[in-house]
Amino acid sequence: MSELSINTTQNVNINFKAASVGERMLASFLDFLIKMAYIIVVFSIVFYLFGLSEIMDKMDNWSQIAIIILFFFPVMIYTVTLESIFEGQTIGKKLIKIKVVKIDGYQAGFGDYLIRWIFRIVENNMLSGLIGLIAMIVSSKVQRLGDMAAGTAVITLKNDININSTILVDINEDYIPTYPLVIKLSDNDMRIIKETFQIARPNGDFETIRKLCVKIETVTGIKNQSGIDSDFIQTILKDYNFYTRNM
């Protein structure tokens, strides 16, 4: 499984695992089954139960085409609509636990999903999807042409997660917090702080740690009581865990 490194706007590298070709194909197959179920229901209820097929027989060709497009429009826009609503996931992707993300760290938007959707139409009609399959196989980030054009990739959400890959840190049950104002920070702030600290500390990057402390003090109004930058950040992480855990 390919590793995917995303550099965020805060210049922090976050490593993900790119979804495999098999996972993406399985998600697409599940979405296909959902769309087929919709088509069967529409044909059974609307066209036959309500007798719309008999009415259409009396219409001209253009009217028939317009009605067919109207009823099957949800199938046509299924992917781009659900990815926009569920932030990079369709029902199939949710079931397989994969998701579309931007490779520059930004949240993918409707424009990105639209580009992927347009290219999917092209790819599916070129050698029955073989072009897209070949692109994913040869791409180091398992990207099809639509992903390359939109600057996106599909990651798996089934990564092994431990406490080092979350914003949490170990604290004892009798832990006493020091800085109540730490709750001014968000989960995303804490994730960035922890990831930056975990990179800087082993490398002896004291300048980055100092800047991190200054930023925390500026945003929260907290004053470093220990006088030691590393201890201050570790306390901030523990305090945030304490307060958010008990909210």
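Scroll up for the structure.
The residue count restarts for each chain, going from 1 along the sequence in the order it is written. The predicted origin of the model limits local features to residues at a pLDDT of at least 70 and limits the giving and counting of side-chain atom pairs to 80 or more, whereas totals for whole chains, interfaces and linings rest on all residues. As a rule here, side-chain values come from all non-hydrogen atoms in the structure, and water together with hydrogens is ignored.

(A) The arrangement of the pattern of salt bridges in detail. We count a salt bridge whenever a side-chain nitrogen from Lys or Arg sits within 4 Å of a carboxyl oxygen from Asp or Glu. Summed over the entire model, instances satisfying the criterion amount to nine salt bridges. Close ionic contact of Asp 147 with Arg 116 constitutes a salt bridge, the shortest N to O distance being 2.7 Å. Placement of the pair is Asp 147 in helix 8 (residues 145-150) and Arg 116 in helix 6 (residues 110-124), with a sequence separation of 31 residues. Asp 147 sits in the buried class, given a relative accessible area of 0%. When accessible area is computed with a 1.4 Å probe and restricted to protein chains, residues below 20% of their type maximum are described as buried, those above 50% as exposed, and intermediate ones as partly exposed. On the basis of relative accessible area, Arg 116 is assigned to the buried category, the value being 1%. The helix count covers DSSP runs of H or I at least four residues long, the strand count covers runs of E at least two residues long, and both are numbered beginning at the N terminus.

(B) Focus on the nonpolar core. Remark: nonpolar core denotes a set of buried residues (Ala, Val, Leu, Ile, Met, Phe, Trp, Tyr, Cys) joined through side-chain atoms within 4.5 Å. Grouped together as the largest cluster of nonpolar side chains are 17 residues, with contacts concentrated most on Leu 185, Met 190, Ile 193, Phe 232, Ile 233 and Ile 236. Considering each element in turn, this core owes the most residues, five residues, to helix 11 (residues 229-245). Contact criterion: two residues are considered in contact whenever any of their non-hydrogen atoms come within 4.5 Å of each other. The contact partners of Ile 233, leaving out residues within four places of it in the chain, are Ile 193, Phe 197, Ile 209, Leu 212, Cys 213 and Ile 216.

(C) Broad picture of the packing of helix 9 (residues 187-200) against helix 10 (residues 206-220). Orientation is described by axes fitted as lines to C-alpha atoms, over the contacting stretch for helices, and by angles from 0 to 180 degrees between their N-to-C directions. In the contact formed by helix 9 and helix 10, the axes pass within 9 Å of each other and the chain directions differ by 160°. When the axis of helix 9 is compared with that of helix 10, the two are roughly antiparallel. Helix 10 is crossed by helix 9, and the crossing has left-handed handedness. Contact residues: Ile 193, Thr 196, Phe 197 and Ala 200 in helix 9; Thr 208, Ile 209, Leu 212 and Ile 216 in helix 10. Partitioning the contact of helix 9 with helix 10 into residue classes produces six nonpolar, two polar and no charged. Working definition: roughly parallel below 35 degrees, roughly antiparallel above 145 degrees, roughly perpendicular at 65 to 115 degrees, and oblique for all remaining angles. Handedness of a crossing follows from how the near helix is turned relative to the far one, being left-handed for an anticlockwise turn of less than a right angle and right-handed for a clockwise one. All amino acids are sorted into three groups, where Ala, Val, Leu, Ile, Met, Phe, Trp, Tyr, Cys and Pro are nonpolar, Asp, Glu, Lys and Arg are charged, and the leftover types, Gly among them, are polar.

(D) View of helix 10. The end-to-end C-alpha separation of helix 10 is 21 Å, in line with the 21 Å expected for 15 residues at 1.5 Å each. Among all positions of helix 10, only Ile 209, Leu 212, Cys 213, Ile 216, Glu 217 and Thr 220 are buried. Axial view of helix 10: buried residues confined to an arc of 130°, hence all on one face. Exposed residues on helix 10 whose side chains face more than 90 degrees from its buried face are Glu 207, Lys 211, Lys 215 and Thr 218. Within two residues after helix 10, Gly 221 carries a phi angle of roughly 85°, on the positive side. Working rule for helices: expected span equals 1.5 Å times residues minus one. What the arc describes is the spread of directions from the helix axis to the C-beta atoms.

(E) The side chain of Asp 239, seen in detail. With respect to the helices and strands, Asp 239 occurs in helix 11. Despite being buried, Asp 239 has no salt bridge partner; Lys 238 is the closest side chain of opposite charge, sitting 8.4 Å away. With residues up to four places along the chain from it excluded, the contact list for Asp 239 reads Tyr 175, Pro 177, Thr 178, Tyr 179 and Val 182. Under the convention used here, Asp and Glu are negative, Lys and Arg are positive, and both His and the chain ends fall outside the count.

(F) Structural view of the packing of aromatic side chains. In summary, the pairing rule links any two rings of Phe, Tyr or Trp, Trp by its six-membered ring, whose centres are within 6.5 Å, and it sorts them by plane angle into stacked for under 30 degrees, edge-to-face for over 60 and tilted for everything else. Taken as a whole and assessed by the stated rule, the structure comprises three aromatic pairs. Considering the side-chain rings of Phe 43 and Phe 72, the 5.6 Å spacing of their centres and the 35° angle between planes classify their relative orientation as tilted. You can see Phe 43 sitting in helix 1 (residues 21-49) and its partner Phe 72 sitting in helix 3 (residues 61-76), a full 29 residues away along the chain. Exposure remark for Phe 43: the relative accessible area of 34% places this residue in the partly exposed category. In this structure Phe 72 comes out as buried when scored by relative accessible area, which is 13%. Here Tyr 175 and Phe 242 contribute two aromatic rings whose centre-to-centre distance is 6.2 Å and whose plane-to-plane angle is 55°, an arrangement assigned as tilted. Within this pair, whereas Tyr 175 is found in the loop between strand 4 (152-156) and helix 9, its partner Phe 242 is found in helix 11, the two being separated by 67 residues in sequence. Residue classification places Tyr 175 among the buried positions, given a relative accessible area of 18%. For Phe 242, a relative accessible area of 18% gives the class buried.

So, to be careful, I would describe these as geometric facts and stop short of saying anything about function.
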